[in-house]
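Structural features, examined
Residue strings, one per chain:
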Amino acid sequence: MDKIRAAITGIQGYVPDYVLTNKELETMVDTTDEWITTRTGIKERHILKGEGLGTSDMAVEAVKGLLKKTNTKAEEVELVICATVSPDMVYPATANIISDKVGIKNAFGFDLNAACSGFIYALVTASKYIESGLFKKIIVVGADKMSSIVDYTDRQTCVIFGDAAGAVLLEPDTNGHGIQDAILRSDGSGRVHLHQKAGGSVRPASFETVANREHFVYQEGQAVFKFAVSNMADVSVEIMEKNNLKAEDIAWLVPHQANLRIIDATARRMGLAREKVMINIQKYGNTTNGTIPMCLYEWENQLKKGDNVILAAFGGGFTWGSIYLKWAYDGAK
Ligand code: UT7
């Protein structure tokens, strides 16, 4: 028997119905479909509309679907980790709200905030609970209602983001499948380039912070781009080298979807052809913690047992990292 590894044994994604196209954005801010497409690769993104709806409502759809398709009872789940930067509330954790809405009663849960790298941080965290031998069923959710923290008068950021949620079930595997290795990094000095100015303890909400539009994503795009391109590619190459993987050994790269140019640069450095790269940024934009699970969800049917898969992300913090996993089931079944 091989050592205990954490394997993804099911995946479900969710995007809200409303589609915000580049054309519609042209009517909201001084931008063009051509600029957005050539600079980012994005054509449209989904937005959660409706009074009183938050990140948990999208996550709940993903988790309910996941439980159904994996024949898992809510009461069997032992831990729920929600990676998000747009929690329903500052506290309690959105993971707990999701669990309550879904009927997960025998679990504990917490949120994890590592910006766009949150899903892979959460996956690695969850994998350690599985590898300990103490936990058998863990749900990791990546979910963000970015539209709740995006300024739709700021053309530099509002064209980029969208809303989505994705959830995976993690279970023990002793046949060599599952998470093989991971490299996670952070550099807090990068916070100046990408953050939300108000709403935290340093600058609590006030009339002034609202008037100054400080409760929205602040991003210095070019600076973030520079770090994203080099760090996401570096960490993806590093995990290949560490595990003696050549480009031909890799079935899929699952990159965080922030910018098509960052994705292409990463794939190029890894020596991978576009056909091996999951790309859906054109349909969803950057959904922060939703990007990687949404890719896995959309490509599930093409994933085969034993496939070598690399997940890679870069985000605010700065945070970045990569995971090498062996896919544990034939998705087409
Ligand atoms: O997911 C987490 C981490 N985030 C990222 O990885 C994002 C990294 N950054 C990026 O993807 C890119 O920097 C952006 C897509 C955000 C911006 O693309 P860019 O090629 O770096 O553009 P830029 O910021 O250098 O702006 C170029 C020009 C500027 O005009 P001037 O100064 O040259 O006259 C901007 O004002 O484009 C202008 N611009 C726009 N024009 C039309 C900025 N946003 C827009 C817009 N439409 N939406």
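Structure's up top.
A few points on the structure. (Residues numbered from 1 in each chain as written. Predicted model: local features only at pLDDT ≥ 70, side-chain atom pairs only at ≥ 80, totals over all residues. Heavy atoms only, no water.)

**Some words on the pattern of salt bridges**
For clarity, the cut-off: Salt bridge, as used here, is a side-chain nitrogen of Lys or Arg placed within 4 Å of a carboxyl oxygen of Asp or Glu. A run of DSSP states H or I qualifies as a helix once it reaches four residues; a run of E qualifies as a strand once it reaches two. Both are numbered from the N-terminal end. Exposure categories follow from relative accessible area, calculated using a 1.4 Å probe and restricted to protein chains: below 20% of the type maximum is buried, above 50% is exposed, and the middle band is partly exposed.
Under the criterion given, the structure shown has 15 salt bridges. Among the salt bridges present, the one from K43 reaches D33, with a minimum N-O distance of 3.1 Å. Of this pair, K43 sits in the loop between α2 (33–40) and β3 (44–47) while D33 sits in helix α2, and the two are 10 residues apart along the sequence. For K43, a relative accessible area of 35% translates into the label partly exposed. For R269, the salt bridge identified is with D234, shortest N-O distance 2.9 Å. Of the two residues, R269 is situated in helix α9 (residues 260–270) and D234 in helix α8 (residues 221–242); the sequence distance between them amounts to 35 residues.

**Observations regarding the packing of aromatic side chains**
How we decide: Here the aromatic set is Phe, Tyr and Trp, taking the six-membered ring for Trp, and pairing holds for ring centres within 6.5 Å; pairs whose planes are under 30 degrees apart are stacked, those over 60 apart are edge-to-face, and all others are tilted. The criterion is that NZ of a Lys, or CZ of an Arg, lies within 6 Å of the ring centre and within 35 degrees of the ring normal, and then a charge sits over that ring.
On inspection of all chains with the given rule, the structure shows 8 aromatic pairs. Plain terms: the ring middles of Y129 and F135 are 5.2 Å apart, the flat faces sit at 85° to each other, and that makes the pair edge-to-face. Residue classification places F135 among the buried residues on the basis of a relative accessible area of 17%. Three or more aromatic residues joined by ring pairs form one cluster here, namely F108, F110, Y129 and F135. Taking the ring centre of Y18 as reference, the NZ or CZ of K49 above it sits at 4.5 Å. Positioned over the ring face of Y218 is K197, at 3.9 Å from the centre of the ring.

**Remarks on α2**
Selection rule: Here the arc refers to the set of directions running from the helix axis out to each C-beta atom. Here, two residues are considered to be in contact whenever any of their heavy atoms come within 4.5 Å of each other.
Within α2, burial applies to D33, I36 and T40. The arc that holds every buried residue of α2, seen down its axis, measures 80°, which confines them to one face. The elements touched by buried residues of α2 are α1 (22–26), β3, α9 and α10 (281–284). Positive phi shows up at G41, right after α2, with a value of about 90°.

**What about the site of the ligand?**
We count it as follows: Any residue with a heavy atom positioned within 4 Å of a molecule or strand is treated as near that molecule or strand. Any pair of nitrogen or oxygen atoms within 3.5 Å is treated as a polar contact; in protein, a donor-acceptor pairing is required on top of that, and neighbouring residues in sequence qualify only through side-chain atoms on both sides. Accessible areas in this description were obtained via Shrake-Rupley with a 1.4 Å probe; residue shielding takes into account the shown protein chains only. When residue character is reported, Ala, Val, Leu, Ile, Met, Phe, Trp, Tyr, Cys and Pro are called nonpolar, Asp, Glu, Lys and Arg charged, and the others, Gly included, polar. Note that the domain bounds were set by an automatic or database domain assignment.
Within the structure, the ligand sits among 25 residues, and T31, R39, Q222, N259 and N286 are positioned closest to it. Contacts to the ligand include W35, whose side-chain N or O atom sits 3.2 Å from an oxygen atom. At 2.5 Å, a side-chain N or O of Q222 approaches an oxygen atom of the ligand. For the ligand, whose accessible area on its own is 950 Å², the fraction buried by protein is 77%. Those elements that place two or more of their residues in the shell around the ligand are α2, α6 (155–158), α8, α9 and β12 (308–315). It is α8 that contributes the most residues to the shell around the ligand, 5 residues altogether. Here the residues of the shell around the ligand sort into 11 nonpolar, 10 polar and 4 charged. Inspection of the shell around the ligand shows a minimum of three residues originating in each of domain 1 (5–176) and domain 2 (180–326).

**Topic: the nonpolar core**
Operational definition: Side-chain atoms within 4.5 Å are what join buried Ala, Val, Leu, Ile, Met, Phe, Trp, Tyr and Cys residues into a set we call a nonpolar core.
V217, L253, M270, L272, I310 and F314 are the most contacted members of the largest nonpolar core, which totals 41 residues. For this core, the elements supplying multiple residues, two or more each, are α8, α9, β12 and β13 (319–326). Ranked by residues supplied to this core, first place goes to α8 with 7 residues. Per-domain counts for this core show at least three residues from each of domain 1 (5–176) and domain 2 (180–326). Residues in contact with L272, not counting those within four places in the same chain, are A247, I250, L253 and A267. Listed in part, the 37 residues of the second largest apolar core include I138, V168, L311 and L325.

**Some details on the sheet that holds strand β6 (residues 138–145)**
Here is the rule: Pairing between strands is defined by DSSP: at least two bridges between the two strands are required. Convention adopted: a line fitted to C-alpha atoms gives each axis, helices being fitted over their contacting stretch, and angles between N-to-C directions are expressed from 0 to 180 degrees.
The 5 strands lie next to each other as β1-β7-β6-β4-β5, forming an open sheet whose pairing is mixed. Edge strands, defined here as strands with exactly one partner in the open sheet, are β1 (5–14) and β5 (108–112). Taken pair by pair, the neighbouring strands of this sheet meet at an average axis angle of 20°, ignoring direction. Relative to strand β7 (residues 163–173), β6 runs antiparallel, the two being bridged by 8 bridges. Bridged to I138 within β7 is L170. Of the strands in this sheet, β1, β6 and β7 touch helix α11 (residues 291–299), which is tilted by about 85° from β1.

**Topic: the packing of α8 against α9**
Note the cut-off: Note on terminology: angles under 35 degrees are roughly parallel, angles over 145 are roughly antiparallel, angles of 65 to 115 are roughly perpendicular, and the others are oblique. Should the near helix be turned anticlockwise from the far one by less than a right angle, the crossing is termed left-handed; should it be turned clockwise, right-handed.
Closest axis-to-axis distance for the α8/α9 pair is 9 Å, and the angle between their directions is 30°. Judged on the interaxial angle alone, α9 and α8 are roughly parallel. Handedness of the crossing formed by α8 with α9: right-handed. Where α8 approaches α9, its residues F225, A228, V229, S230, M232, A233, D234, S236, V237 and M240 are matched on the opposing element by R261, I262, A265, T266, R269 and M270. The class makeup of the residues in the contact of α8 with α9 is 10 nonpolar, 3 polar and 3 charged.

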